[in-house]
Amino acid sequence: MLRHPAAGPLGLAAAGLAAAGYLYTRNPHLPGQALPFCPWRRLTGLQCPGCGGTRMVWDLMHGDLLAAWHDNAALLLALPFVAAWYLVRLRHGLAGRRWKLRLGPRAVTAILVAAALWAVGRNVL
C-alpha cells in the first residue's frame, strides 16, 4: 500500500511538536531530567557533533540565542538549511509529489569533514 507523499513531513511535524512540548517543560541544563543522553559522550567522555543539541533547542524555545550558540553553534548554523529542506519536502508532499534531497559525493564529504572538524575542535578547545 502506498502512502501519501505528505505523510512523512506531516508525521515529522507532529512528532517534533510533541517532543518540543515535552522538552519545553524540562531544563536540560539541570541534572535529573528525563531526557535522552549521548551514548558516545557516555562511553568516551568526548562530545559528538550533536552534543548540546537538546540544550540548544531548549534555549531557542526560551529565547536565549547566546546560550543556544554556546551549546552547539554548528547545529544552530545548520538549522536554516534543515528548515528549508523540510519546507520544500512538505510543499512537494502536500502537492502529491515525492521529493528527495540528492547530495553528491563532494557534498556528503564536505558535511562529514565539517562534522569531524567540529567534533575535534570542540573537544580540544
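One can find the structure itself at the top, above this paragraph.
What you see is a predicted model; the values in this text were computed from it and never measured.

*Asks:* Explain the side chain of Asn-72 residue by residue, including any values.
*Replies:* By the secondary structure assignment, Asn-72 is in the loop between helix H4 (65–71) and helix H5 (73–94). Looking at Asn-72, the relative accessible area reads 0%, which means it is buried. In this structure the side chain of Asn-72 is engaged in a polar contact, spanning 3.0 Å, whose partner is the backbone nitrogen of Leu-75.

*Asks:* So, H5: which residues are in play, and what are the values?
*Replies:* Across its 22 residues, H5 extends 32 Å between first and last C-alpha, which sits within 8% of the 32 Å expected from 1.5 Å per residue. A maximum bend of about 35° is found in H5 at Leu-79, where proline Pro-80 lies one to four positions downstream. Along H5, the positions that sit buried rather than exposed are Ala-73, Leu-76, Tyr-86, Leu-90, His-92 and Gly-93. Next to the buried residues of H5 lie helix H1 (7–24), helix H3 (53–61), H4 and helix H6 (105–124). Of the residues flanking the start of H5, the one acting as N-cap is Asn-72, its side-chain oxygen 3.3 Å from the backbone nitrogen of Ala-74. A positive phi of about 85° marks Gly-96, the residue just after H5.

*Asks:* Provide a residue-level description of the packing of H1 against H3, including the pertinent values.
*Replies:* Close contact between H1 and H3 brings their axes to 10 Å; oriented N to C, the two are set at 80°. Taken together, the axes of H1 and H3 lie roughly perpendicular to each other. Note on element contacts: H3 touches H1 through Thr-54, Val-57, Trp-58 and Met-61, opposite Ala-20, Leu-23 and Tyr-24. The residue makeup of the contact of H1 with H3, split by class, is 6 nonpolar, 1 polar and no charged.

*Asks:* Requested: an account of the packing of H3 against H5, with residues and values cited.
*Replies:* Look at H3 against H5: their axes get within 9 Å of each other, and the N-to-C directions meet at 65°. Between H3 and H5 lies a crossing of right-handed hand. In this structure, H3 contributes Gly-53, Met-56 and Leu-60 to the contact, and H5 contributes Leu-75, Leu-76 and Leu-79. Looking at the contact of H3 with H5 residue by residue, the classes come out as 5 nonpolar, 1 polar and no charged.

*Asks:* Tell me about the packing of aromatic side chains, residues and numbers included.
*Replies:* The tally for this structure, following the rule as stated, stands at 0 aromatic pairs. A cation over a ring is seen here: Arg-42 above Phe-37, with NZ or CZ 3.8 Å from the ring centre.

Here is what the cut-offs are and how they apply
Residues numbered from 1 in each chain as written. Predicted model: local features only at pLDDT ≥ 70, side-chain atom pairs only at ≥ 80, totals over all residues. Heavy atoms only, no water. Helix = DSSP H or I, 4+ residues; strand = E, 2+ residues; numbered from the N terminus. Buried < 20%, exposed > 50% of the residue type's maximum accessible area, 1.4 Å probe, protein only. Polar contact = N/O pair within 3.5 Å; in protein donor to acceptor, adjacent residues only side chain to side chain. Expected span 1.5 Å × (residues − 1). Bend = angle between axes of the 7 residues up to and from the residue. Contact = heavy atoms within 4.5 Å. Axes fitted to C-alpha atoms, helices over the stretch in contact; angles between N-to-C directions. Parallel < 35°, antiparallel > 145°, perpendicular 65-115°, else oblique. Nonpolar A, V, L, I, M, F, W, Y, C, P; charged D, E, K, R; others polar. Left-handed = near helix turned anticlockwise from the far one by under 90°. Phe/Tyr/Trp six-rings, centres within 6.5 Å; stacked < 30°, edge-to-face > 60°. Lys NZ or Arg CZ within 6 Å of the ring centre and 35° of its normal.

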